Amino acid sequence: MTARVTSPFGSWPSPISAADVARGQLRLGFPTVQGDDVWWQETRPEEGGRTTVMRLRGGQLAEVLPAPWNARTRVHEYGGRSYLPIPAGGDYAIVFADYEDQRLHRLDPGESKPRPLTPEAAVPAGLRYADFVLSPDGTEVWCVCEGHTPDGVRRAIVAVPLDGAAADDPAAVRELVSGAGFYASPTPSPGGGHLAWVQWSHPRMPWDGTELRAAAIEDGRLIAPRTVKGGLTESALAPMWRDDHSLYVISDWSGWWNVYQVGLFGDSPQALYPAEEEFTGPLWQLGGMPYALLGDGRLAVLHGHGDQRLAVCDPETLELIDIDTPFSDWRVALSADGSTIVGIAGGPTVPTSVVRVDVATGRVESLRHELRELPEPAFLPIPREAQLEGPFGRPVHAYIYPPANPSYQALEGEKPPYVIFVHGGPTGRASSMLSLERAYFTSRGIGVVEVNYGGSTGYGRAYRERLRRQWGVVDVEDAVAAAEALVKSGTADPDRLAIRGGSAGGWTTLAAVTKTTVFKAATSYYGISDLRSFLTETHDFESKYLFGLIGPMPGFERAYEERSPLNRADHTACPVLLLQGLDDPIVLPAQSEKFAAALAEKNVPYAYLAFEGESHGFRRAKTTITCLESELAFYGQTLGFEPRDIDPIELSVGTPPTTRSAGAPPATGHHVGAPPTAGHSVGAPPTTGHGVGTPPGAARNEPGPMPPPV
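Residues numbered from 1 in each chain as written. Predicted model: local features only at pLDDT ≥ 70, side-chain atom pairs only at ≥ 80, totals over all residues. Heavy atoms only, no water.

**As for the side chain of Arg155**
In step 1: Structurally, Arg155 can be placed in strand E12 (residues 152-161).
In step 2: Only 2.8 Å separates the side chain of Arg155 from the side chain of Glu146, close enough to count as a polar contact.
In step 3: Within the local environment of Arg155, its side chain forms a polar contact with the backbone oxygen of Gly181, the two atoms lying 3.1 Å apart.
In step 4: Once residues lying within four places of it in the same chain are set aside, the contact partners of Arg155 are His76, Cys145, Glu146, Ala180, Gly181, Phe182, Tyr183, Asp540 and Phe541. (Helix = DSSP H or I, 4+ residues; strand = E, 2+ residues; numbered from the N terminus. Polar contact = N/O pair within 3.5 Å; in protein donor to acceptor, adjacent residues only side chain to side chain. Contact = heavy atoms within 4.5 Å.)

**As for helix H10 (residues 621-639)**
Residues that lie three or four places apart on an α-helix share one face, since the helix turns once every 3.6 residues.
In step 1: Under the 1.5 Å per step criterion, the end-to-end length of H10 is 27 Å for 19 residues, consistent within 8% with the ideal 27 Å.
In step 2: With 17 of its 19 residues buried, H10 lies for the most part within the structure.
In step 3: Count one or two residues on from H10 and you reach Gly640, which has phi positive near 85°. (Expected span 1.5 Å × (residues − 1). Buried < 20%, exposed > 50% of the residue type's maximum accessible area, 1.4 Å probe, protein only.)

**Overview of the environment of Glu46**
In step 1: Tracing the sequence through the fold places Glu46 in the loop between strand E3 (37-44) and strand E4 (50-57).
In step 2: Its relative accessible area of 45% is what places Glu46 among the partly exposed residues.
In step 3: For the pair Glu46 and Gly445, spaced 399 residues apart in sequence, the C-alpha to C-alpha distance is 28 Å.

**So, the pairing of strand E28 (residues 340-346)**
In step 1: Of all seven residues making up E28, seven are buried, and the element is well covered by its neighbours.
In step 2: Where strand E27 (residues 335-337) meets E28, three bridges bridge the pair, whose relative direction is antiparallel. Within the sheet, the bridge partner assigned to Ser335 lies in E28 and is Val342.
In step 3: Here E28 folds back onto strand E29 (residues 353-358), and the loop between the two strands holds six residues. (Pairing = 2+ DSSP bridges.)

**A closer look at the state of the cysteines**
In step 1: A full pass over the atoms with the stated rule returns zero disulfides.
In step 2: Cysteine Cys574 is unpaired, with the sulfur of Cys627 as its nearest cysteine sulfur at 18 Å.
In step 3: Residue classification places Cys574 among the buried residues on the basis of a relative accessible area of 4%.
In step 4: In this structure Cys627 comes out as buried when scored by relative accessible area, which is 2%. (Disulfide = S-S within 2.5 Å.)

**A word on the nonpolar core**
In step 1: Counting residues in each nonpolar core, the largest one holds 104 residues, and the members touching the most others are Tyr291, Ile420, Trp471 and Phe519.
In step 2: Ranked by residue count, the leading element in this core is helix H4 (residues 474-488), at seven residues.
In step 3: Residues Ala19, Phe441, Leu579 and Tyr635 belong to the second largest nonpolar core, which totals 42 residues. (Core = buried A, V, L, I, M, F, W, Y, C linked by side-chain atoms within 4.5 Å.)

**Some details on H4**
In step 1: Taking 1.5 Å per residue as the helical rise, H4 with its 15 residues ought to reach 21 Å, and the 20 Å between its terminal C-alpha atoms agrees with that figure.
In step 2: Of all the positions in H4, only Val474, Asp475, Val476, Asp478, Ala479, Val480, Ala481, Ala482, Ala483 and Leu486 are classed as buried.
In step 3: Summarising the contacts, the buried residues of H4 are in contact with strand E31 (384-389), strand E32 (395-401), strand E34 (418-422), strand E35 (447-452), strand E36 (497-502) and helix H5 (504-513).
In step 4: Two residues or fewer after H4 comes Gly490, characterised by a positive phi angle close to 80°.

**Describing unusual backbone geometry**
In step 1: The omega torsion across His202 and Pro203 is 5°, close enough to zero to call that bond cis.
In step 2: Tracing the backbone through its elements, the reader meets Pro203 in the loop between strand E15 (194-200) and strand E16 (211-218).
In step 3: In this model, Met553 is joined to Pro554 through a cis peptide bond whose omega is 0°.
In step 4: At Arg469, a position not held by glycine, the phi torsion is positive, near 60°.
In step 5: Take Arg469: it is sitting in the loop between helix H3 (461-464) and H4.

**Concerning the environment of Phe421**
In step 1: Mapped onto the fold, Phe421 is located in strand E34.
In step 2: When its relative accessible area of 7% is taken as the criterion, Phe421 is described as buried.
In step 3: Between the C-alpha atoms of Phe421 and Tyr399, which are 22 residues apart in sequence, the distance is 9.8 Å.
In step 4: If near-sequence neighbours (up to four positions away) are discounted, Phe421 is found in contact with Phe441, Val448, Val449, Glu450, Val451 and Arg500.

**Observations regarding the sheet that holds strand E5 (residues 60-63)**
In step 1: Spatially, the four strands line up as an open sheet ordered E2-E3-E4-E5, and their pairing is antiparallel. In the strand order of this sheet, the two ends are held by strand E2 (27-34) and E5, each with one partner. Averaged over all neighbouring strand pairs, the angle between strand axes comes to 20°, with direction disregarded. (Axes fitted to C-alpha atoms, helices over the stretch in contact; angles between N-to-C directions.)

**A few points about the sheet that holds strand E24 (residues 309-314)**
In step 1: Here we have four strands laid out as an open sheet, ordered E22-E23-E24-E25, and antiparallel in their pairing. Edge positions in the sheet fall to strand E22 (291-293) and strand E25 (319-322), since each of these pairs with one other strand and no more. The average angle at which neighbouring strand axes cross in this sheet is 25°, direction not considered.
In step 2: In this sheet, E24 lies alongside strand E23 (residues 299-303) in antiparallel orientation, the contact comprising five bridges. The residue bridging Leu302 from the neighbouring strand is Leu310, located in E24.

**Looking at the packing of aromatic side chains**
In step 1: According to the stated counting rule, one finds 22 aromatic pairs in the structure shown.
In step 2: Ring centres of Trp39 and Tyr92 lie 5.0 Å apart, and the angle between their planes is 75°; this geometry places the pair in the edge-to-face category. Residue Trp39 is found in strand E3, and its partner Tyr92 is found in strand E7 (residues 91-97); the two are separated by 53 residues along the sequence.
In step 3: Note on Trp39: relative accessible area 1%, which makes it buried.
In step 4: Here the aromatic rings of Tyr459 and Tyr463 are separated by 5.2 Å at their centres, their planes lie at 55°, and the arrangement is tilted. An identical accessibility class is assigned to Tyr459 and Tyr463; each is buried.
In step 5: Clustering of aromatic rings is evident, with ring pairs tying together Tyr78, Phe182, Trp200, Trp207, Trp284, Phe541 and Tyr545.
In step 6: The ring of Tyr260 has Lys229 lying over it, and the distance from NZ or CZ to the ring centre is 5.1 Å.
In step 7: Here the basic side chain of Arg438 rests over the ring of Tyr401, its NZ or CZ set 4.0 Å away from the ring centre. (Phe/Tyr/Trp six-rings, centres within 6.5 Å; stacked < 30°, edge-to-face > 60°. Lys NZ or Arg CZ within 6 Å of the ring centre and 35° of its normal.)

Right under this line is the structure:
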């Protein structure tokens, strides 16, 4: 065995480069199985984040949707499943939503160019479609339609003819259900006599309260709709028909999202496997299913406390048996046909993959990996799942990842820097799935803690509702509690703690460093800094989200003012790195720009990097490279170590971000590597010749992370 080289934490060389992370950000999603055929969505960072549709048939993998077509729906801005295979002359065509115009298109076997199924919208990309299902007679696609007009946003469940009649005739699109604010999961019964769906309205989010509705279908129209399950304080999700007269549904009526069987005619709901576990996650994206019906009537289900495991549940015996796989966590995207299950799964040292499981034989296959190549396992950190103690003794769930590099060790007596990773949402959770982004830091001697703070999913409704009217309080307290637990146990250096997060995690990051002095560096990816403007500027889906997280308006003005990091910028305890997409429709660039200006006014060191063509969640490889290398350089300068082969990032003091013209990237007090126009800089002198969107230093090889929820 080769002796380890002694070197300070943070300075260890690593085989995992930022370019490796960017290349490894292939994103797989929403698999579908029919017989021996498997389809899935695949988002490619090297193609600017384009999403294509792949098909595995007879062992042969093929790309169904050629460039430049981009299968990505913008319903709710977070999208979801963007395609549907439909039978076509003994084979399958696909129906998909194209990102550029948001119209539905159909691509038949042997054709090279899709043809539109829906009309052009009066507003560019103003008619959007998601959550597709084939109509009982096979002539239409039934789906959620979201219409954007100057007067607002309206949604309905609609029927789109598959013959293309609606491409030039908007009247050919039939409206099936309307009146509610939001819809999901249109699901016809096996015999075609009924339709079930989920609906809710402002100010609730789908994890707060939804209704499972059902109606009879007569002559292609719905009659006598009624609520089958759910309500104002019950989240009922993912309807799936058991037979023509009863359904399965996942409800958190008991305080946990469990599977129930409900009848159409007044039968009492029956819990199939009552447990203090979650059988689904929050409905941020449309079209994913947390369970699937097998050919013998059993259910393939996901369940767990935090991470989700795959199991088979028998509705007759009420038994639940886990399936032995090497994967510790599964995404909410299952499909089944006969004895075959497909899904997306991963583990700490196993790449996230499209997985096929045969429950009859026990065979488990990985069909496609998000990572083309895995680093040596010794460079991948193994998480320690921890339940830490927060304020008032309340539990805080976290995954702790220590530095991991088989070739290097720290100086004697040195304690490592740690970065607290704060997930987005805030109604979301951190997973133990392998992340090259995480390993990028741990392999260099920087520890990582991923905190599932109060408000996270995976731990029941009571844990999720800790954040009700407490956003910016409980999440900050729990992130601080995780950092302090590391210090108390002797795991981390108290003078080298950082915090970072994206979207809602960016909010918690900024709130933490404007309220406490625990952290010495902070990185915000498209984080919220001003609650009042976010409330009026953000998109419709989340326009009332803050009513539950902070309080309804009018009435809670003081809470909005007091908790906004922008109004506490003079209390910022450490340097801040701000990273922002200029096309973000959810957290507008002004949120980062105004905070950068406030930091400049208070002479707090900061850097602000903005990226044209990037939205909420970075998809392009070049952006990922720039962000990670800038972030590593930032931690080196603020936490006191020298990263190998990374150019320094310049921090501005007293230099406000330059006002940008329409369509132009904002200046930051500086661009990456360019000298500031005014004020002075902190840290090493800048290099020259590289603007925003280009990695600092020498040119390197060319999605970033997919959009996390706000």
